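Listed below, chain by chain, are the residues.
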Amino acid sequence: MRARTISPEGHTRLPRYARGRVGIVERDHGAHVFPDSNARYAGEAPQTLYTVRFTARELWGEAANPADAVSLDLWEAYLEPA
């Protein structure tokens, strides 16, 4: 999956360094209250939460250690097919 390139107004839990980057879904945590929507009093808007693994090289380029990776818990709205 690819983390979407978004610039929402207000808070988001999608780190800038992951936006536009491709990762592998490691785990599906099921549906939960979407905090971005709930914090704006726009309702709970349940969404699936995934753990997505990004290689360090995908995030920071060829100079990064190829053995390193970062796993992020990301909401369905933050992701798109790669």
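These remarks concern the structure in this document.

Basis of the calculations
- Residues numbered from 1 in each chain as written.
- Predicted model: local features only at pLDDT ≥ 70, side-chain atom pairs only at ≥ 80, totals over all residues.
- Heavy atoms only, no water.
- Helix = DSSP H or I, 4+ residues; strand = E, 2+ residues; numbered from the N terminus.
- Buried < 20%, exposed > 50% of the residue type's maximum accessible area, 1.4 Å probe, protein only.
- Contact = heavy atoms within 4.5 Å.
- Lys, Arg positive; Asp, Glu negative; His and termini not counted.
- Charge placed at Lys NZ, Arg CZ, Asp CG, Glu CD.
- Salt bridge = Lys/Arg side-chain N within 4 Å of Asp/Glu carboxyl O.

### Description of the overall build of the protein chain
Here is step 1: Across its full length, the protein chain carries two helices and five strands.
Here is step 2: When the helices and strands of the protein chain are read in sequence order from the N terminus, they spell out β-β-α-β-α-β-β.
Here is step 3: Expressed along its principal axes, the backbone C-alpha trace of the protein chain runs to roughly 45 × 25 × 20 Å.
Here is step 4: Evaluated residue by residue, the protein chain yields a buried proportion of 33% over its 82 residues.
Here is step 5: Within the protein chain, residue pairs in contact and separated by at least 24 positions form 49% of the contacts whose partners lie at least 6 positions apart.
Here is step 6: If the 10 positive side-chain charges of the protein chain are averaged to one point and the 11 negative ones to another, these points end up 4 Å apart.

### Quick notes on unusual backbone geometry
Here is step 1: Of note in the backbone geometry, Y41 takes a positive phi value of approximately 60 degrees without being a glycine.
Here is step 2: In this fold, Y41 is placed in the loop between α1 (35-39) and β3 (47-55).
Here is step 3: Since its relative accessible area comes to 79%, Y41 is described here as exposed.
Here is step 4: A positive phi is found at A45, a non-glycine position, where the angle reads about 40 degrees.
Here is step 5: Relative to the assigned elements, A45 resides in the loop between α1 and β3.

### Overview of the pattern of salt bridges
Here is step 1: Scanning all chains against the criterion turns up three salt bridges.
Here is step 2: One salt bridge in this structure joins R53 and E26, with 3.9 Å as the shortest N-O distance. Here R53 is found in strand β3, whereas its partner E26 is found in strand β2 (residues 24-32), with 27 residues between them in sequence.
Here is step 3: One salt bridge connects R57 with E62, and the closest N-O pair in it is separated by 3.4 Å.
Here is step 4: Using a relative accessible area of 34% as the deciding quantity, one classes R57 as partly exposed.

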